[in-house]
Amino acid sequence: MRTPLLLALLALVLAVAACVRVNVHGERPAAALPAKPAGALRIASYNTSLYSDEAGGLMQRLQGDDAGARRIAAVLQQVRPDIVLLNEFDYVADGSAAALFQSRYLARTQPGGGAPLHYPYRYIAPVNTGVQSGLDLDGNGSVGGDGRDRGNDAWGYGLHPGQYGMLLLSRHPIDADAARTFQHLRWSAMPGAKRPVDPDSGRPFHADAVWSQLRLSSKSHWDVPVRTPQGVLHVLASHPTPPAFDGPEKRNVARNHDEIRLWTEYLSPGPHDWLCDDAGRCGGLDADARFVILGDLNNDPVDGAGDHEAIVGLIEHPRVLRMPTPRSDGAVEAAEAAGAANLEHRGAHAHDTGSFGPRVGNLRLDYVLPSVGQRAVASGVFWPRSDAPHADIVDGTDHRLVWVDVAR
């Protein structure tokens, strides 16, 4: 039999060993997401970088054994959202790219991922990126051209039609017939639009003939109703242009601002006779409709190059739910390790949703913003610390998945 003295010595040895493990090596952080509460919906936004500079290139990527696509699928298998918007997923009109991503990647257990994942409902629609305007949109004196010149004269920057498109995946039925898209809405139709101005001359950057035709959305804006167990939820999806890659006129800063402002107007009272969708129906969202705003909005509330007024105004809109900002420990670690621009950022590193190099730093660009009338019961950014499980699957893209669990 063990004596009391022997048992006491054994307990002391175990305590010392535990102390050594904690204080010398550190606890290995857990990466498991909290279980989704019963009856809640897990909603996510994820910029996946599943695009190609060549037409048909995404299909070629997905037909092979694409490491980035496998990591994206692994993250989705870990988080397992009920509804997720994928930004930067090239548009293929017949849906074959979306089907291939489902069958070859989501439906197969990926390294670092979880059980296979199936989304029976998908929504895709055309986008402005890569669609040539036939106009000199960048003011270089010519129309089209090669490489970036060609991309700059598309309605939204892109090297082929559909580049950087959007894909909505859902476990619940999508009412595609009731969806509204705003691909063709003209920027000049927006009251008080931030028309870019040449600071040297003080004149508008775009000639009147160009400005009157220029589309507001660099990709598209969608209102897609999803029939969930909690009732109809309007998914408001978009991917505004980055507020960069322009000149002193800051045309992309202005466009990003007004692309975000479109949702503010869409949610606000008033007839909004100018806010007409591609089917010709005008006006905003019904006052009693439940919604969630999803997307890489390319604007941090505090840091980075964007006009922060737009994103702050959207987050603080009376119809948008006040909730804790999704966060992660991995974002804090990454910002501290990278240094550079992050050292001058004023926003909380924990709220960052992507890593964009030393000059830009890490920013909060990706959003899941539910409407009032819902409860946010949990949220997060899938960005594990480097010593946590599944840390090696997050670099399929420079963005990180953001998720929110909502209940009634």
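Coordinates for the structure precede this section.
Every chain is numbered on its own, with residues counted from 1 as its sequence reads. With the structure being a predicted model, the display of local features is reserved for residues of pLDDT at least 70 and the display and counting of side-chain atom pairs for 80 or more, all residues being used for whole-chain, interface and lining totals. Side-chain measures here rest on the full set of heavy atoms in the structure, leaving out hydrogens and waters.

Looking now at the overall build of the protein chain. Helix and strand content of the protein chain: 9 helices and 13 strands. Within these notes, the globule rule equals 2.2 Å times the number of residues to the 0.38 power, and the radius of gyration is based on C-alpha atoms. The globule rule puts the C-alpha radius of gyration for 408 residues at 22 Å, and the 23 Å found for the protein chain is close to it. Dimensions of the protein chain, computed from C-alpha atoms along their principal axes, come out at roughly 95 × 45 × 45 Å. The criterion used for residue contact is that any of the two residues' heavy atoms lie within 4.5 Å. When contacts within the protein chain are restricted to residue pairs at least 6 apart in sequence, long-range pairs at least 24 apart make up 74% of them. Helix and strand assignments follow DSSP, with helices taken as H or I runs no shorter than four residues and strands as E runs no shorter than two, numbered in order from the N terminus.

A separate point is the packing of aromatic side chains. Each aromatic pair joins two rings of Phe, Tyr and Trp (for Trp, the six-membered one) with centres within 6.5 Å, and gets the label stacked for planes under 30 degrees apart, edge-to-face for over 60, and tilted for any other angle. As enumerated under the stated definition, the model contains 7 aromatic pairs in all. Here the aromatic rings of Trp187 and Trp211 are separated by 5.0 Å at their centres, their planes lie at 55°, and the arrangement is tilted. Of the two residues, Trp187 sits in the loop between strand S5 (180-181) and helix H6 (208-211) while Trp211 sits in helix H6, which places them 24 residues apart along the sequence. Through successive ring pairs, a cluster of aromatic residues spans Phe89, Phe101 and Tyr105. Lysine and arginine charges are scored as sitting over a ring when NZ or CZ, respectively, is within 6 Å of the ring centre and within 35 degrees of the ring normal. In this arrangement the basic side chain of Arg42 is found over the ring face of Trp403, its NZ or CZ atom lying 4.4 Å from the centre. Here the basic side chain of Arg148 rests over the ring of Tyr157, its NZ or CZ set 4.3 Å away from the ring centre.

Attention shifts here to the pattern of salt bridges. A pair is scored as a salt bridge if a Lys or Arg side-chain nitrogen falls within 4 Å of a carboxyl oxygen belonging to Asp or Glu. Applying the stated criterion to the full structure yields 14 salt bridges. A salt bridge links Arg261 to Glu265, with the nearest nitrogen and oxygen atoms 3.1 Å apart. On the criterion of helical spacing, the pair formed by Arg261 and Glu265 is a turn pair, its members being 4 residues apart in helix H7 (residues 251-267). Among the ionic pairs, Asp387 bridges to Arg385, the shortest N-O distance being 3.4 Å. Burial classification: accessible surface area is computed with a 1.4 Å probe over protein chains only, and a residue below 20% of its type maximum counts as buried, one above 50% as exposed, and the rest as partly exposed. The exposure class of Asp387 is partly exposed, given its relative accessible area of 32%.

This paragraph deals with the side chain of Asn252. Looking at where Asn252 falls in the secondary structure, it is placed in helix H7. With a relative accessible area of 13%, Asn252 lands in the buried category. Each polar contact in these results corresponds to two N or O atoms within 3.5 Å; when the atoms are within protein, one needs to be able to donate a hydrogen and the other to accept it, and residues that are neighboring in sequence are counted only if both atoms are side-chain atoms. A polar contact of 2.6 Å, which involves the side chain of Asn252, links it to the backbone oxygen of Ala244.

Our focus in this paragraph is the layout of surface pockets. Looking at the largest pocket, its volume works out to about 1000 Å³. Every definition here rests on a 1 Å grid over the protein atoms only: cavities are sets of points where a 1.4 Å probe fits but cannot get out, pockets are open sets enclosed by protein on both sides within 12 Å along at least five of seven lines, and lining residues have some atom within 4 Å of a point. Along the wall of the largest pocket there are 47 residues; nearest its centre are Pro242, Pro243, Ala244, Phe245 and Asn298. Elements supplying a minimum of two residues to the lining of the largest pocket: strand S1 (41-50), helix H5 (147-152) and H7. Residues were grouped as follows: Ala, Val, Leu, Ile, Met, Phe, Trp, Tyr, Cys and Pro as nonpolar; Asp, Glu, Lys and Arg as charged; and all remaining residues, including Gly, as polar. Among the residues making up the lining of the largest pocket, the classes are represented as 18 nonpolar, 17 polar and 12 charged. Grid points are joined across faces, edges and corners, and a volume is the space filled by probe spheres set on the points.

All right, on to H7 then. To estimate the expected span of a helix, count its residues, drop one, and scale the result by 1.5 Å. For H7, which comprises 17 residues, the first-to-last C-alpha distance of 25 Å matches the rise-based estimate of 24 Å (1.5 Å per residue) to within 8%. H7 sits mainly inside the fold: 17 of its 17 residues count as buried.

What follows covers the pairing of strand S7 (residues 231-238). Buried residues dominate S7, accounting for 6 of its 8 residues. Between strand S6 (residues 221-228) and S7, which follow one another and run antiparallel, lie 2 residues. Each parallel crossover has a hand, and for S7 linked through H7 to strand S8 (residues 291-296) it is right-handed. Two strands make a pair as long as DSSP finds a minimum of two bridges between them. Every crossover in which the path from the first strand over the helix to the second runs clockwise, viewed with the strands pointing away from the viewer, is termed right-handed.

What follows deals with the packing of helix H3 (residues 67-79) against helix H4 (residues 96-106). Helix packing geometry: the angle between the two helix axes and the distance between the axes. Only the stretch in contact is used when fitting a helix axis, every axis being a line fitted to C-alpha atoms; angles between N-to-C directions are given from 0 to 180 degrees. Packing of H3 against H4 leaves a shortest axis separation of 10 Å and a crossing angle of 75°. The pairing of H3 with H4 is recorded here as roughly perpendicular in orientation. Along the contact surface, H3 presents Ala69, Arg70, Ile72, Ala73, Leu76 and Gln77, while H4 presents Phe101, Tyr105 and Leu106. Residues belonging to the contact of H3 with H4 are distributed by class as follows: 7 nonpolar, 1 polar and 1 charged. Oblique is the label for every angle not falling under 35 degrees (roughly parallel), over 145 degrees (roughly antiparallel), or within 65 to 115 degrees (roughly perpendicular).

Turning to the sheet that holds S1, a few remarks are in order. Strand order in the open sheet formed by 6 strands is S3-S4-S2-S1-S13-S12, and the pairing between neighbours is mixed. Sheet topology places strand S3 (121-123) and strand S12 (375-381) at the edges, where each strand pairs with a single neighbour. Shown here is a sheet whose adjacent strand axes are inclined to one another by a mean of 15°, direction ignored. In terms of strand pairing, S1 meets strand S2 (residues 83-89) through 6 bridges, oriented parallel. Each bridged residue has a counterpart across the sheet, and for Ile43 the counterpart in S2 is Ile83. Here H3 sits on the sheet and contacts S1, S2 and strand S13 (402-407); the angle it forms with S1, its principal contact strand, is near 170°.

Purely geometric stuff here, so don't read any function into it on its own.
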